[in-house]
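# A look at the structure
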Amino acid sequence: MSFGGIDWAGTGWAQWLQVPVLGNPLGAWLVALGLMLVVAMVLPLLKRQIGRRLQARAGHDGARLSQYAAQIVGGTRRSVMWLVALFVGARAVSLSPKIDAALASITAVALLLQVALWAQCALDVWLQRRLDRARTTDVAAATTVGMLGFVGRIALWSVALLMILDNLGFNVTTLVASLGIGGVAVALAVQNILGDLFASLSIALDKPFVIGDFIVVDDIAGTVEHVGLKTTRVRSLSGEQVVFANADLLKSRIHNYKRLYERRVLFGFGVPYRTPPEQLAAIPQMVREIITGQVGTRFDRAHFKGFGASSLDFEVVYFVLDPDYNRYMDIQQAINLELVNRFAAAGVEFAFPTRTIHVETLPTAAAEPAGG
């Protein structure tokens with residue numbers, strides 16, 4: 001039997017392996033195929049074995065580092081392992097310089113991408129660990145962790161992209177310089193977006209508020225639900241969601257009531273002008289006793305403030321040692337009710353707007369004598 005000018009039936013194995021195929025002996029191709037298959041089988045087995053050992057170690061002694069390392073190893077792509085196997089197998093044959101260089105470049109790019117994926121997986125694991133810890137110990141750090149993750153991913157993939165371009169033969173220095181010039185034009189075109197982006201970083205680092213804080217911006221009050229790269233979303237008291245641009249938000253006056261440790265309360269009332277002086281002198285002490293009798297308060301002062309249009313005015317200041325608004329209203333209500341009871345018992349009235357009109361009769365002119 002002959003094929004391609006070769007008598008295959010009369011050819012020995014040694015000669016058969018020397019048959020040239022695409023510029024290489026057939027035996028070399030078989031060795032290359034064998035190497036590729038061996039590497040393609042060994043790498044997944046090695047990945048699985050390492051992952052199992054790390055998981056077993058993490059389950060045995062609770063080592064978080066082993067658990068995270070197992071997650072990172074589990075992120076190894078099968079396509080990259082096959083490409084590495086192909087590259088190793090190709091070392092057994094002689095390829096043209098162009099094909100060999102292309103295969104080497106593709107393999108290098110794949111390995112760089114895999115390293116970047118490992119780094120991103122490690123970053124994600126670290127960020128998730130920090131986020132879980134922040135949710136239980138420091139809610140304010142949750143926003144920072146999200147922003148750090150965004151910046152970290154941009155930096156990671158920027159470096160990976162530059163290394164890949166450099167490996168493919170691009171002049172990275174010239175590319176970076178040209179990007180710098182073009183970046184100025186892009187920055188001018190998207191300055192509002194960049195302003196919101198930098199504002200979000202400022203919010204993450206400076207923490208004027210975090211998710212869950214109750215804030216008041218201008219005439220809008222609500223709870224912060226989400227802090228994004230461009231906008232912050234607040235659930236208002238009336239139920240709708242209000243979206244602020246981060247740059248505009250930082251330009252406004254923000255009242256953060258979640259960080260209110262104690263609440264200063266000022267209120268006043270008036271009594272009629274006909275109130276006796278001894279009762280006026282007793283009112284400040286009476287108010288002091290009422291306020292100090294409430295749990296969670298600190299009395300500051302109570303004074304006969306001045307003379308109003310229709311009342312003698314008193315001014316009272318005290319502190320509620322709890323930032324909760326409902327608690328403050330409960331205490332104020334109790335103080336008001338007790339004031340009503342104590343004033344009624346002491347015979348003191350509360351003033352209300354009144355106006356007294358004095359009518360005077362003009363003197364009549366003396367009658368002139370008759371015939372004058």
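Calculation notes
- Residues numbered from 1 in each chain as written.
- Predicted model: local features only at pLDDT ≥ 70, side-chain atom pairs only at ≥ 80, totals over all residues.
- Heavy atoms only, no water.
- Helix = DSSP H or I, 4+ residues; strand = E, 2+ residues; numbered from the N terminus.
- Buried < 20%, exposed > 50% of the residue type's maximum accessible area, 1.4 Å probe, protein only.
- Contact = heavy atoms within 4.5 Å.
- Areas by Shrake-Rupley, 256 points an atom, 1.4 Å probe, with all protein chains shown as cover.
- Core = buried A, V, L, I, M, F, W, Y, C linked by side-chain atoms within 4.5 Å.
- Pairing = 2+ DSSP bridges.
- Axes fitted to C-alpha atoms, helices over the stretch in contact; angles between N-to-C directions.
- Phe/Tyr/Trp six-rings, centres within 6.5 Å; stacked < 30°, edge-to-face > 60°.
- Lys NZ or Arg CZ within 6 Å of the ring centre and 35° of its normal.
- Expected span 1.5 Å × (residues − 1).
- Salt bridge = Lys/Arg side-chain N within 4 Å of Asp/Glu carboxyl O.

The next thing to look at is the overall build of the protein. Scanning the protein from terminus to terminus reveals eleven helices and twelve strands. A burial count over the protein gives 30% of its 372 residues as buried. Long-range pairs, those at least 24 residues apart, make up 60% of the contacts in the protein with a sequence separation of at least 6. Approximately 23900 Å² of the protein is accessible, and the part contributed by carbon and sulfur atoms is 62%.

On to unusual backbone geometry. Although it is not a glycine, aspartate 218 adopts a positive phi angle of roughly 60 degrees. Note on aspartate 218: relative accessible area 61%, which makes it exposed.

The subject of this paragraph is the nonpolar core. Counting residues in hydrophobic clusters, the biggest one holds 23 residues, and the most contacted among them are Phe269 and Tyr318. Of all elements in the fold, only β10 (263–271), α10 (277–292), β11 (297–307), β12 (312–320) and α11 (325–346) reach the threshold of two or more residues within this core. Per element, the largest residue contribution to this core is six residues, and it comes from α10. Grouped together as the second largest cluster of nonpolar side chains are ten residues, Phe209, Val227, Val242 and Leu249 included.

Here we come to the sheet that holds β11. Pairing is antiparallel across the open sheet formed by three strands, whose spatial order is β10-β12-β11. Two strands in the sheet have a free side with no partner beyond their single neighbour: β10 and β11. For this sheet, the mean inter-axis angle between neighbouring strands, taken without regard to orientation, is 20 degrees. One ladder, built from nine bridges, connects β11 with β12; its direction is antiparallel. By the bridge assignment for β12, phenylalanine 304 is matched with phenylalanine 314.

Right, let's talk about the sheet that holds strand β9 (residues 254–256) for a bit. The strand order across the open sheet formed by five strands is β8-β7-β6-β5-β9, and the pairing between neighbours is antiparallel. For this open sheet the edge positions go to β8 (241–245) and β9, each flanked by a neighbour on one side alone. Between one strand axis and the next, the sheet turns through 40 degrees on average, direction left out of account. In the sheet, strand β5 (residues 214–217) pairs with strand β6 (residues 220–227) via four bridges, with the strands oriented antiparallel. Across the sheet, the residue bridging to valine 217 is isoleucine 220, located in β6.

Bringing the packing of aromatic side chains into the picture now. Each aromatic ring pair is specified by the distance between its two centres and by the angle formed by the two planes. For the coordinates displayed, the defined rule picks out ten aromatic pairs. Judged by centre distance (5.5 Å) and plane angle (10 degrees), the rings of phenylalanine 269 and phenylalanine 314 are stacked. One end of the pair, phenylalanine 269, is in strand β10; the other, phenylalanine 314, is in strand β12, and 45 residues separate them in sequence. Residue phenylalanine 314 is classed as buried on the basis of its relative accessible area of 4%. A centroid spacing of 5.2 Å and a plane angle of 25 degrees characterise the contact between phenylalanine 304 and phenylalanine 314, whose relative ring orientation is stacked. Within this pair, whereas phenylalanine 304 is found in strand β11, its partner phenylalanine 314 is found in strand β12, the two being separated by ten residues in sequence. Through pairs of rings, three or more aromatic residues link up here, namely Phe269, Tyr273, Phe304, Phe307, Phe314, Phe343 and Phe350. Taking the ring centre of phenylalanine 319 as reference, the NZ or CZ of arginine 298 above it sits at 4.4 Å.

A loop of two residues connects β5 with β6, the two strands running antiparallel in sequence, and aspartate 218 in this loop sits at a positive phi of about 60 degrees. Note that β5 and β9 share three bridges and pair antiparallel. Following the sheet pairing, isoleucine 215 is matched in β9 by asparagine 256.

The next subject is the pairing of strand β7 (residues 231–236). Regular strands have side chains that alternate between both faces of the sheet. With burial as the criterion, only one face of β7 is covered, namely that bearing Thr232, Val234 and Ser236; the residues Thr231, Arg233 and Arg235 on the opposite face remain uncovered. Pairing of β6 with β7, which is carried by five bridges, proceeds in the antiparallel orientation. When the bridges of β7 are listed, glycine 222 appears paired with serine 236. From the end of β6 to the start of β7, which pair antiparallel, there are three residues. Where β7 hands over to β8, the hairpin turn is made up of four residues, of which glycine 239 adopts a positive phi near 110 degrees.

In this section: α10. Along an α-helix, a turn takes 3.6 residues, which lines up residues three or four apart on a common side. Its 16 residues place the ends of α10 24 Å apart at the C-alpha level, agreeing with the 22 Å of an ideal helix rising 1.5 Å per residue. All buried positions along α10 are accounted for by Leu280, Ile283, Met286, Val287, Ile290 and Ile291. Where α10 is buried, its residues contact β10, β11, β12 and α11.

Should their charged atoms come close, side chains of opposite charge can pair. With the rule as written, the count across this model stands at eight salt bridges. Between glutamate 225 and arginine 235 there is a salt bridge whose closest N-O contact spans 2.9 Å. Of this pair, glutamate 225 sits in strand β6 while arginine 235 sits in strand β7; the two residues are ten residues apart in sequence, bridging distant segments of the chain. Using a relative accessible area of 34% as the deciding quantity, one classes glutamate 225 as partly exposed. Judged by relative accessible area, which is 33%, arginine 235 ranks as partly exposed. Residue glutamate 289 is joined to arginine 342 by a salt bridge in which the shortest nitrogen-to-oxygen separation is 2.9 Å. Highlighted residues: glutamate 289 in helix α10 and arginine 342 in helix α11, separated in sequence by 53 residues. For glutamate 289, a relative accessible area of 41% corresponds to the partly exposed category.

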